[in-house]
Amino acid sequence: MSVEQRITYTAQAGGCLTGQVRVPGDKSISHRSIMLGSLSEGTMKISGFLQGEDSLATLKAFRAMGVNITGPDKFGNVVIEGVGMHGLKAPAAPLDLGNSGTSMRLLTGLLAAQGFDLTLAGDESLSTRPMKRVTDPVIQMGANIEPNTNGTAPLTIKSDNNTQLNGIDYTLPMASAQVKSCVLLAGLYAQGETCVTEPAPTRDHTERMLQGFGYTLEVQNIDEQRRKICLQGGGKLIACDIDVPSDISSTAFFIVGASIAKGSDITLQHVGINPTRIGVINILKAMGADITLSNEQEVGGEPVADICVRYARLKGIHIPEDQVPLAIDEFPAIAIAAACADGQTILTGAEELRVKESDRIQAMVDGLQILGIDCQGTDDGMIINGGTMSSGTVDSLGDHRIAMSFAMAALAAQGTITIKDCANVNTSFPDFIALAQKTGLNVSSSSDSSDDKASS
Ligand code: S3P
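Criteria and thresholds
- Residues numbered from 1 in each chain as written.
- Predicted model: local features only at pLDDT ≥ 70, side-chain atom pairs only at ≥ 80, totals over all residues.
- Heavy atoms only, no water.
- Core = buried A, V, L, I, M, F, W, Y, C linked by side-chain atoms within 4.5 Å.
- Buried < 20%, exposed > 50% of the residue type's maximum accessible area, 1.4 Å probe, protein only.
- Helix = DSSP H or I, 4+ residues; strand = E, 2+ residues; numbered from the N terminus.
- Contact = heavy atoms within 4.5 Å.
- Near = heavy atom within 4 Å.
- Polar contact = N/O pair within 3.5 Å; in protein donor to acceptor, adjacent residues only side chain to side chain.
- Areas by Shrake-Rupley, 256 points an atom, 1.4 Å probe, with all protein chains shown as cover.
- Nonpolar A, V, L, I, M, F, W, Y, C, P; charged D, E, K, R; others polar.
- Domains from an automatic or database assignment.
- Disulfide = S-S within 2.5 Å.
- Pairing = 2+ DSSP bridges.
- Axes fitted to C-alpha atoms, helices over the stretch in contact; angles between N-to-C directions.
- Phe/Tyr/Trp six-rings, centres within 6.5 Å; stacked < 30°, edge-to-face > 60°.
- Parallel < 35°, antiparallel > 145°, perpendicular 65-115°, else oblique.
- Left-handed = near helix turned anticlockwise from the far one by under 90°.
- Patch = residues over 30% accessible without salt bridge, like charges linked within 9 Å, V, L, I, M, F, W, Y side chains within 5 Å.
- Salt bridge = Lys/Arg side-chain N within 4 Å of Asp/Glu carboxyl O.
- Lys, Arg positive; Asp, Glu negative; His and termini not counted.
- Charge placed at Lys NZ, Arg CZ, Asp CG, Glu CD.

### Remarks on the nonpolar core
Here's step 1: Core analysis: the largest hydrophobic core is formed by 81 residues, its most contacted members being Tyr9, Phe254, Leu268, Leu368, Met389, Phe406 and Phe432.
Here's step 2: Considering every element that reaches this core, the biggest residue donor is helix H9 (residues 331-340), with 9 residues.
Here's step 3: Setting aside anything within four residues of it in sequence, one finds phenylalanine 432 in contact with Tyr9, Phe254, Met404, Ala407, Met408 and Val425.
Here's step 4: With 65 residues, the next largest nonpolar core counts Ile29, Leu172, Val179 and Leu188 among its residues.

Below, the structure written as structure tokens:
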């Protein structure tokens, strides 16, 4: 019988956010640095690696495939002895990727033709998320992958007859960096050219990092929205050190918290401001937020800056749809900003939110309604009428970003907000409570253990 920890957050009303802080490393870049570092020739060092459960799941997966990885130490330093493109070994057991959609989707491509069989498994939430979006193109390239009949994990990849992948010219059915990256990583092992066309710009860390490791890519802007990325299979990766900037997605909770709490004045240091990730800044600025960037510089192929945020009166807007993929993980936090804004905020074109770690449209609407906010979900978004949040108990549904968003909401609420099921904050932001307390949020975490008979 296993024992499951239930974590509840209690956030007291009021306060403001001040000081200078550095939030943990970028999750997307941390995952990719382990993947490409492991496949490279030579030894590489990662600094600022995110020590969250998701990126650690990727790290452990590569260790299980025979890669010698040292760390992370308490500063997030990791050293990887790359094994080259064909040096991975069959893992002894299914790779457990926990809650991490990025690990599962990217590894589906990267491990599609390694010459050994393996299974990719995840937790209950990850095992309900759609995987056909990655298995379809990789199967078209020649891979032998068996998902469950409903297209979900666990995924079994059969490669014992030395599967040979062929290049593909693939148009993504949705704007997804995970699917794009999956196909490009499979393309490294394919014969000929692999091209991916995306309907709108999505995070381009895979492309930047591949180039940083010496791999040639061709990137063509078809029009203002669509981009086509092509690479030739059969190349190699040369080890290259990575300095991981702070994650703008984790920073977003503090940007929203400071924007809604009178008296706030906070600086978030060394944050990744890749243009494909800064939708949250563009959207909040359009709502009237007081956000300024300084110390802008380029570190290891990624732009970074310090972000200063002061309280400002926000107004509701219709969020431009071209900003949606650029802020896809930040809508739980943006919904809190909208709940505090004057007037109505309308989000459209964001149906992907329904298949994240939770159905984020439903989770935010349910929670905000409990707190007395007039809002409703639509098929592809939300309509939120700004108001005053009361006290209440909300459910994060085990989704890290829902939990942290409602914790920040307390800064502008009239009473205590209690948030249930917060253990998964550890997937992306292990020090959230300490950092939030340090900057002025009156939040605490409590745990109780319950026997989980189902997993006995
Ligand atoms: C990610 C891409 C996004 C994002 C996820 C991380 C990545 O997912 O939501 O948290 O690292 O590539 P989609 O590609 O499904 O939009």
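Now that the structure is up, let's keep going.
### Describing the site of the ligand
Here's step 1: The ligand sits among Ser28, Arg32, Thr102, Arg105, Ser176, Ala177, Gln178, Arg203, Ile328, Asp329 and Lys356.
Here's step 2: Here an oxygen atom of the ligand and a side-chain polar atom of serine 176 are 2.7 Å apart.
Here's step 3: A distance of 2.7 Å is found between an oxygen atom of the ligand and a side-chain nitrogen or oxygen belonging to lysine 356.
Here's step 4: Alone, the ligand offers 390 Å² of accessible surface; in the complex the protein occludes 95% of this.
Here's step 5: For the shell around the ligand, the secondary-structure elements that each account for two or more residues are helix H1 (27-39), helix H3 (101-110) and helix H5 (177-187).
Here's step 6: Classifying every residue of the shell around the ligand by side-chain character gives 2 nonpolar, 4 polar and 5 charged.
Here's step 7: Residues from two domains meet in the shell around the ligand; each of domain 1 (2-25 + 245-455) and domain 2 (27-243) gives at least three.

### Focus on the domain arrangement of the protein
Here's step 1: The assigned domain composition of the protein is domain 1 (2-25 + 245-455) and domain 2 (27-243).
Here's step 2: When each unit is reduced to the centre of its C-alpha atoms, the spacing between domain 1 and domain 2 is 28 Å.
Here's step 3: Here domain 1 is connected to domain 2 by 14 residue pairs in polar contact (both at pLDDT 80 or more).
Here's step 4: Listed by contribution, the elements that provide at least two residues to the side of domain 1 that touches domain 2 are strand E19 (302-310) and helix H11 (400-409).
Here's step 5: The class makeup of the residues in the side of domain 1 that touches domain 2 is 10 nonpolar, 10 polar and 10 charged.

### Some thoughts on the state of the cysteines
Here's step 1: Within this structure, the stated rule accounts for 1 disulfide.
Here's step 2: The disulfide that involves cysteine 195 links it to cysteine 230, with 2.2 Å between the sulfurs. Looking down the S-S bond of the cysteine 195 and cysteine 230 bridge, the torsion is 115°, so its handedness is right-handed. Of this pair, cysteine 195 sits in strand E13 (residues 193-198) while cysteine 230 sits in strand E15 (residues 227-232), and the two are 35 residues apart along the sequence.

### Structural notes on the sheet that holds strand E18 (residues 290-299)
Here's step 1: Taken together, the 4 strands give an open sheet; going across it, the order is E2-E17-E19-E18, and neighbouring strands pair in mixed fashion. The sheet terminates laterally at strand E2 (18-21) and E18, the two strands that pair on one side only. The sheet shows a mean angle of 15° between the axes of neighbouring strands, taken without regard to direction.
Here's step 2: Note that E18 and E19 share 8 bridges and pair antiparallel. Bridge pairing links threonine 292 to cysteine 308 in E19.

### Side note on the packing of aromatic side chains
Aromatic ring pairs are described here by two measures, namely the spacing of the ring centres and the angle between the planes.
Here's step 1: According to the stated counting rule, one finds 5 aromatic pairs in the structure shown.
Here's step 2: Consider the rings of phenylalanine 253 and phenylalanine 432, whose centres lie 6.5 Å apart with planes at 75°: the pair is edge-to-face. Within this pair, whereas phenylalanine 253 is found in helix H7 (residues 248-260), its partner phenylalanine 432 is found in helix H12 (residues 432-439), the two being separated by 179 residues in sequence. There is no split in this pair, since phenylalanine 253 and phenylalanine 432 are both buried.

### Re the packing of H7 against helix H8 (residues 279-286)
Here's step 1: Between H7 and H8, whose axes approach to 10 Å, the crossing angle comes to 20°. Accordingly, the angle class assigned to the pair H7 and H8 is roughly parallel. When you trace H7 past H8, the crossing you get is right-handed. Judged by residue contacts, Ile248, Ala252, Ile255 and Val256 of H7 engage Val280, Ile281 and Leu284 from H8.
Here's step 2: Looking at side-chain class alone, the contact of H7 with H8 contains 7 nonpolar, no polar and no charged residues.

### Digging into the pairing of strand E9 (residues 155-158)
Across a regular strand the side chains alternate sides, sitting on one face of the sheet and then on the other.
Here's step 1: Only one face of E9 is covered, namely the face carrying Leu155 and Ile157; the face carrying Thr156 and Lys158 is uncovered.
Here's step 2: The pairing of strand E8 (residues 144-146) with E9 spans 3 bridges and is classified as antiparallel. Paired with asparagine 144 across the strands is lysine 158, a residue of E9.

### Observations regarding unusual backbone geometry
Here's step 1: Residue proline 72 is bonded to the preceding glycine 71 through a cis peptide linkage, with omega at 5°.
Here's step 2: Tracing the backbone through its elements, the reader meets proline 72 in the loop between strand E4 (68-70) and strand E5 (78-81).
Here's step 3: A positive phi angle is found at histidine 270, which is not glycine, with a value near 55°.
Here's step 4: Of note, histidine 270 is situated in strand E17 (residues 265-272).
Here's step 5: Taking relative accessible area as the criterion, histidine 270 reaches 15% and is therefore assigned buried.

### Observations regarding a negative patch on the surface
Here's step 1: On the surface, a cluster of negative charge is made up of Glu224, Glu321, Asp322, Glu351 and Asp379.
Here's step 2: On the basis of relative accessibility, which here comes to 78%, the residue glutamate 224 falls in the exposed class.

### Brief notes about the packing of H1 against H3
Here's step 1: Where H1 contacts H3, the two axes come as close as 11 Å, and the packing angle between them is 30°. On the basis of their axis angle, the class for H1 and H3 is roughly parallel. Judged by the sense of rotation from one axis to the other, the crossing of H1 with H3 is right-handed. Counting all contacts with H1, which are made through Lys27, His31, Arg32, Met35 and Leu39, the residues of H3 involved are Thr102, Ser103, Leu106, Leu107 and Leu110.
Here's step 2: The residue makeup of the contact of H1 with H3, split by class, is 5 nonpolar, 3 polar and 2 charged.

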